[in-house]
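Commentary on secondary and tertiary structure
Below are the chains, spelled out letter by letter.
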Amino acid sequence: MPDPQISIDLSRIEHNARTIVETCARSGITPFGVTKGTCGMPQVARAMLRGGVAGIAESRFENIRRLRDAGIDCPIMLLRSPPLSRVEELVRTVDISLQSELQLMREISRVAERLGRVHDVILMVDLGDLREGIWPSDLIPTVEAVMELPGVRIAGVGTNLTCFGAIIPTRENLDQLVAHAYKVESVTGRNLDWVSGGNSSSLPLLLAGGMPAGVNNLRIGEAILQGGRDTFLEQPWEALDRDAFELTGELLEVKVKPSMPIGKSGIDAFGNVPVFIDEGDRLRGIANIGREDVIAEGLTPIRAGVRVLGASSDHLVLDLTDADPPLAVGEDVSFRLNYGALLTVMTSEYVEKVPMRDVMEQGLTRSYVIETDEAGRALLATHHVAERIERLGFEPAGAEASVVLSTGARRAGIMPFVEAAGRRYDALGLIWIDSEATMMPDDGEGTPAENAVLRRLLSRLPPHIAAENVVLLGLREADPAEAEALKASRMRIYTMAEIDAVGLRHAMREAIAIACAGTRGFHLCYSPTATDMSDWSGGIGGITVRETHSAMEMAALSGRLRSLSVSGIDGGLPATIGAECANFILSAFGKTIL
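Residues numbered from 1 in each chain as written. Predicted model: local features only at pLDDT ≥ 70, side-chain atom pairs only at ≥ 80, totals over all residues. Heavy atoms only, no water.

**Structural notes on the overall build of the chain**
- In terms of regular secondary structure, the chain is built from 19 helices and 24 strands.
- In terms of C-alpha radius of gyration, the chain reaches 28 Å, essentially the compact-globule figure of 25 Å for 594 residues.
- Principal-axis analysis of the C-alpha atoms places the extent of the chain at approximately 80 × 70 × 45 Å.
- Taking all 594 residues of the chain together, the buried fraction comes to 53%.
- Within the chain, contacts between residues separated by at least 24 positions form 70% of all contacts whose residues are at least 6 apart in sequence.
- Here the chain contributes 58 positive and 80 negative side-chain charges, whose respective centroids are spaced 1 Å apart. (Helix = DSSP H or I, 4+ residues; strand = E, 2+ residues; numbered from the N terminus. Rg over C-alpha atoms; globule rule 2.2 N^0.38 Å. Buried < 20%, exposed > 50% of the residue type's maximum accessible area, 1.4 Å probe, protein only. Contact = heavy atoms within 4.5 Å. Lys, Arg positive; Asp, Glu negative; His and termini not counted. Charge placed at Lys NZ, Arg CZ, Asp CG, Glu CD.)

Structure (structure tokens):
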């Protein structure tokens with residue numbers, strides 16, 4: 001493992017969301033799922049939505065853009081007031097926001113009126129936690145002022161507790177919130193959509209039967225993500241799964257050393273005076289995780305007998321004396337995290353994020369279906385592709401449970417197959433092996449030009465296929481007009497220069513990991529121009545024939561290939577190139593030399 005990684009079990013997150021949604025529904029409460037703990041990871045948002053949350057709540061515009069780019073089109077709530085300079089972005093991208101400052105709401109009104117929109121706000125009331133919120137005595141004057149603002153609609157009232165002052169939600173303070181809601185309804189002359197009674201810390205009150213009638217919304221993050229590790233400290237909510245996240249690092253050193261430092265002590269690199277207990281000589285380990293990645297105090301080792309002693313910026317120091325079974329250099333060591341540790345890990349660019357679907361969804365089906373035009377049918381028949389696929393152990397069947405093989409004369413011809421695959425599996429990755437970017441400007445009308453196909457697809461694939469799960473591999477031609485679109489696309493792009501530097505197998509291994517991150521597998525699109533084949537000018541400078549076979553074999557071995565499209569299959573394709581393409585297809589279905 002070259003870098004630390006955090007695995008994210010989406011099925012556990014979905015389970016927690018569903019459990020909380022069903023529990024809240026019995027009290028007339030509709031929760032929003034908070035994704036800020038995962039930096040707005042679209043796969044996590046989708047898991048929450050599958051679990052039934054009414055919308056997604058976020059605190060940062062960067063995360064909201066990430067969600068919208070991935071096709072998340074549910075209601076999105078902004079959890080904190082934006083800077084004045086970003087109010088237009090608020091009005092354009094967010095459905096509802098939590099607000100407490102009248103000056104800011106005046107600016108929202110000005111921008112919303114100019115854009116011809118109405119922006120919903122939840123007025124936050126400070127009930128004693130002393131973070132954001134209108135002081136109760138100022139609430140009604142603020143409501144009256146907001147009612148005069150065009151383009152702003154008071155959709156509800158809310159409060160925030162525990163985050164700053166550690167004031168816990170009680171029947172008494174949330175009764176106050178409901179009373180404030182009634183006053184606002186009296187002034188406005190209409191019912192409020194939302195009375196938002198806080199975050200995950202309000203769930204113990206709900207389970208105890210103390211939630212006041214009238215509260216109809218909660219903003220739930222920690223309890224969905226971590227099963228209430230930080231919410232239900234004394235008595236866990238057994239229905240929730242607390243193990244959705246696992247941080248793993250590698251042991252770089254394992255040695256017996258004294259438990260007390262030797263020499264004159266001072267302060268450490270973070271301004272603290274560390275305290276040590278003399279336990280004699282102990283077996284100590286150093287992992288490749290540091291304070292630049294995580295709050296070390298928020299880690300709980302999974303391996304029995306392992307203890308966290310502390311951390312520097314780049315190293316995590318562990319006591320391994322009682323580890324059961326014992327650990328050695330090069331082995332992995334894993335941890336559960338509290339919410340603070342999770343936040344820091346998810347924002348660290350040095351920790352790889354690995355969202356995973358249920359392992360029961362993995363594995364390559366052993367049936368297939370072919371969807372092609374006349375030219376493709378002729379090529380497949382000439383090379384007996386169907387019969388050879390069946391000799392590999394596949395049976396012909398319907399598309400729903402099969403690996404779908406499709407061909408097209410042009411790249412645009414395979415677009416419907418890619419879109420259909422996304423709809424079939426709901427959450428799918430895409431590996432696009434091609435020499436050209438095909439990201440030229442596109443007006444979105446009619447059939448796209450051949451040099452704009454991928455750009456059109458990226459606009460049409462979400463939410464089933466998100467750009468973060470798309471890999472362009474083998475690029476060797478890109479027009480300057482495509483450069484900006486490529487940089488902004490969120491795709492992972494492997495140029496031929498990078499493939500030459502790291503090797504095709506490394507690039508393909510990473511491509512499969514990206515395409516499978518939080519998805520149910522991937523669709524692979526292949527253009528013959530990506531491959532340098534003998535006596536053919538179309539692929540000069542591309543990956544080799546052997547590398548192409550290797551890429552296809554790796555796709556088959558991954559067990560996550562759901563469908564395969566090959567473009568450029570027309571009457572003008574040289575017979576020798578057609579034969580190579582047929583062999584590439586068979587490699588994708590698992591054919592090997594032995």
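From this point, the narrative continues.
**Here's the deal with unusual backbone geometry**
- In this chain, Asp 324 is followed by Pro 325 through a cis amide linkage whose omega measures 0°.
- Secondary-structure assignment places Pro 325 in the loop between strand 14 (316-319) and strand 15 (332-337).
- Along the chain, Pro 462 connects to Pro 463 via a cis peptide bond; the corresponding omega equals 5°.
- When you line up the elements, Pro 463 lands in the loop between helix 14 (453-460) and strand 21 (470-475).

**Re the sheet that holds strand 17 (residues 367-371)**
- Pairing in this open sheet of eight strands is parallel, and the strands run 18-17-19-24-23-20-21-22 from one edge to the other. In this open sheet, the two edge strands, each paired with only one partner strand, are strand 18 (395-396) and strand 22 (492-495).
- The sheet contact formed by strand 23 (residues 522-526) and strand 24 (residues 561-566) spans five bridges and is parallel. Paired with Phe 522 across the strands is Leu 561, a residue of strand 24. (Pairing = 2+ DSSP bridges.)

**Here we look at the confidence of the model for the chain**
- Summing up the model confidence of the chain, the mean pLDDT is 94 and the portion of residues at 70 or higher is 98%.
- Low pLDDT (under 50) marks residues 359-364, which in the prediction has 14 contacts with non-local residues, meaning those over four places away or in another chain. (pLDDT = per-residue confidence, 0-100.)

**Things to note about the pattern of salt bridges**
- Evaluation of the coordinates by the stated rule reveals 34 salt bridges.
- Note that Asp 243 is salt-bridged to Arg 229, the shortest N-O span being 2.9 Å. Taken together, the positions of Asp 243 in the loop between helix 9 (222-226) and strand 10 (245-258) and Arg 229 in the loop between helix 9 and strand 10 put the pair 14 residues apart, joining distant regions of the chain.
- The exposure class assigned to Arg 229 is buried, which follows from its relative accessible area of 19%.
- Note that Lys 257 is salt-bridged to Glu 253, the shortest N-O span being 3.0 Å.
- Residue classification places Lys 257 among the partly exposed residues on the basis of a relative accessible area of 33%.
- Residue classification places Glu 253 among the partly exposed positions, given a relative accessible area of 23%.
- One network of salt bridges, in which partners are shared, links Glu 279, Arg 282, Arg 307, Asp 319 and Asp 322. (Salt bridge = Lys/Arg side-chain N within 4 Å of Asp/Glu carboxyl O.)

**Details of helix 11 (residues 374-382)**
- Every buried residue of helix 11 is accounted for by Gly 376, Leu 379 and Leu 380. The buried residues of helix 11 occupy one face: seen down the axis, they fall within an arc of 95°. Projecting away from the buried face of helix 11 at angles above 90 degrees are the exposed residues Glu 374 and Thr 382.
- Elements in contact with the buried residues of helix 11: strand 17, helix 12 (385-391), strand 19 (403-407) and helix 19 (575-588).
- Residue His 384 follows helix 11 closely and has a positive phi angle near 55°. (Arc of directions from axis to C-beta.)

**Thoughts on the packing of aromatic side chains**
- All chains considered together, the criterion is met by five aromatic pairs.
- Ring plane angle 65° and centroid distance 5.6 Å describe the contact between Phe 232 and Trp 237, whose orientation is recorded as edge-to-face. Here Phe 232 matches Trp 237 in class, with each residue buried.
- Taken together, the aromatic side chains of Tyr 368, Phe 394 and Phe 589 make up a single cluster linked through ring pairs.
- Sitting above the plane of the Phe 270 ring, Arg 291 keeps its charged end 5.6 Å from the centroid.
- Above the face of the Tyr 494 ring, Arg 492 is positioned so that its terminal group lies 3.9 Å from the ring centre. (Phe/Tyr/Trp six-rings, centres within 6.5 Å; stacked < 30°, edge-to-face > 60°. Lys NZ or Arg CZ within 6 Å of the ring centre and 35° of its normal.)

**Examining the nonpolar core**
- Judged by nonpolar contacts, the single largest core of 92 residues is most densely connected at Ile 13 and Leu 203.
- Grouped together as the second largest cluster of nonpolar side chains are 46 residues, Val 403, Leu 504, Val 566 and Ile 569 included. (Core = buried A, V, L, I, M, F, W, Y, C linked by side-chain atoms within 4.5 Å.)

**Things to note about a nonpolar patch on the surface**
- Where nonpolar side chains cluster on the molecular surface, the patch consists of Leu 130, Trp 135 and Phe 164 and spans about 380 Å² of accessible area.
- In this structure, Phe 164 sits in the loop between strand 7 (152-158) and helix 7 (171-188). (Patch = residues over 30% accessible without salt bridge, like charges linked within 9 Å, V, L, I, M, F, W, Y side chains within 5 Å. Areas by Shrake-Rupley, 256 points an atom, 1.4 Å probe, with all protein chains shown as cover.)

**Side note on the side chain of His 523**
- Tracing the backbone shows His 523 in strand 23.
- Each residue touching His 523, except ones within four places of it in the same chain, is listed here: Phe 417, Val 418, Ala 421, Leu 428, Gly 429, Leu 430, Ile 431, Ser 563, Leu 564 and Ser 565.

**Considering the layout of surface pockets**
- Computed from the structure, the largest pocket encloses a volume of approximately 1,100 Å³.
- If you trace the largest pocket, you find 35 residues lining it, with Glu 352, Lys 353, Val 354, Ala 513 and Ile 514 closest to the centre.
- Those elements that place two or more of their residues in the lining of the largest pocket are strand 16 (352-356) and helix 17 (504-516).
- The dominant element in the lining of the largest pocket, judged by the number of residues it contributes, is helix 17, at seven residues.
- Among the residues making up the lining of the largest pocket, the classes are represented as 14 nonpolar, nine polar and 12 charged.
- The computed volume of the second largest pocket comes to approximately 800 Å³.
- Along the walls of the second largest pocket sit 31 residues, with Phe 276, Arg 284, Leu 309, Gly 310 and Val 317 positioned nearest its centre.
- Of all the secondary-structure elements, those providing two or more residues to the lining of the second largest pocket are strand 10, strand 11 (281-287), strand 13 (307-311) and strand 14. (1 Å grid on protein atoms, 1.4 Å probe; cavity = no way out; pocket = protein on both sides within 12 Å on 5 of 7 lines; lining within 4 Å. Points joined across faces, edges and corners; volume = space filled by probe spheres on them. Nonpolar A, V, L, I, M, F, W, Y, C, P; charged D, E, K, R; others polar.)

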